[in-house]
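The lines below spell out each chain.
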Amino acid sequence: MVKKVFESPEDRLNEIQLYELVAQEIKNGEIDEGLRVKALADCKGNEEEAQGLYIKLRVQMIKDEWALKEKQEKERQKNNPSTLKLDAESRAKEANTVV
């Protein structure tokens with residue numbers, strides 16, 4: 001895995017929050033079995049090592065899911081110009097709304 005040299009403080013804080021999320025998932029018994037088995041296979045059956053690798057893989061999986069959703073949203077907006085217009089109109093209306 002290649003580390004980014006110039007990660008921002010926000011990136012590092014977000015990553016810590018992802019680790020906290022994964023810790024909570026594990027505490028709640030919410031384990032992705034496919035990912036667990038991959039970690040176990042990558043660690044040649046060593047359960048202790050596999051637990052640590054599972055956490056890293058799960059954090060990366062969440063990052064990948066978010067990146068994919070963002071990419072899909074951008075594609076959706078790119079392929080539907082009216083969405084951009086509606087979004088701009090909504091923001092304009094919100095800006096003019098008196099609270």
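The coordinates are above.
In this convention, every chain numbers its residues from 1, walking through the sequence in written order. A pLDDT threshold of at least 70 governs which residues receive local features in this predicted model, and a stricter bar of 80 or more applies before side-chain atom pairs are shown or counted, although totals over entire chains, interfaces and linings include all residues. Side-chain measures here rest on the full set of heavy atoms in the structure, leaving out hydrogens and waters.

Draft legend 1. Just the overall build of the protein chain, in detail. Secondary structure elements are taken from DSSP: a helix is a run of H or I of four residues or more, a strand is a run of E of two residues or more, and numbering for both begins at the N terminus. The helix and strand tally for the protein chain stands at four helices and zero strands. Order of helices (α) and strands (β) in the protein chain, N terminus to C terminus: α-α-α-α. Residue exposure (1.4 Å probe, protein chains only): buried if accessible area is under 20% of the type maximum, exposed if over 50%, otherwise partly exposed. Expressed as a percentage of the 99 residues in the protein chain, the buried residues total 14%. Accessible surface, the protein chain as shown: approximately 8300 Å² in total, 56% of it carbon and sulfur. In these tables, accessible area is a Shrake-Rupley quantity obtained with a 1.4 Å probe, and a residue counts as shielded only by the protein chains included in the view.

Draft legend 2. Expanded view of unusual backbone geometry. Positive phi, close to 50 degrees, is recorded for lysine 44, a residue that is not glycine. Looking at lysine 44, the relative accessible area reads 77%, which means it is exposed.

Draft legend 3. The arrangement of the pattern of salt bridges in detail. In what follows, salt bridge is the name for a side-chain nitrogen of Lys or Arg lying within 4 Å of a carboxyl oxygen of Asp or Glu. Summed over the entire model, instances satisfying the criterion amount to six salt bridges. The partner of glutamate 33 in a salt bridge is arginine 36, and the shortest N-O contact between them spans 3.0 Å. Here glutamate 33 pairs with arginine 36, and both are found in helix α2 (residues 33-42), just three residues apart, close to one helical turn. Using a relative accessible area of 45% as the deciding quantity, one classes glutamate 33 as partly exposed. Here arginine 76 and glutamate 73 are joined by a salt bridge, their closest N and O atoms 2.3 Å apart.

Draft legend 4. Highlighting the side chain of glutamate 25. Examined against the element boundaries, glutamate 25 turns out to sit in helix α1 (residues 9-27). Whenever two N or O atoms come within 3.5 Å, that pair is a polar contact, provided that in protein one can donate a hydrogen and the other can accept it, and provided that, for residues adjacent in sequence, both atoms are side-chain atoms. There is a polar contact of 2.9 Å between the side chain of glutamate 25 and the side chain of arginine 58. Here a residue-residue contact requires only that any non-hydrogen atoms of the pair lie within 4.5 Å. Ignoring sequence-local partners within four residues, the contact set of glutamate 25 consists of Glu30, Arg58 and Ile62.

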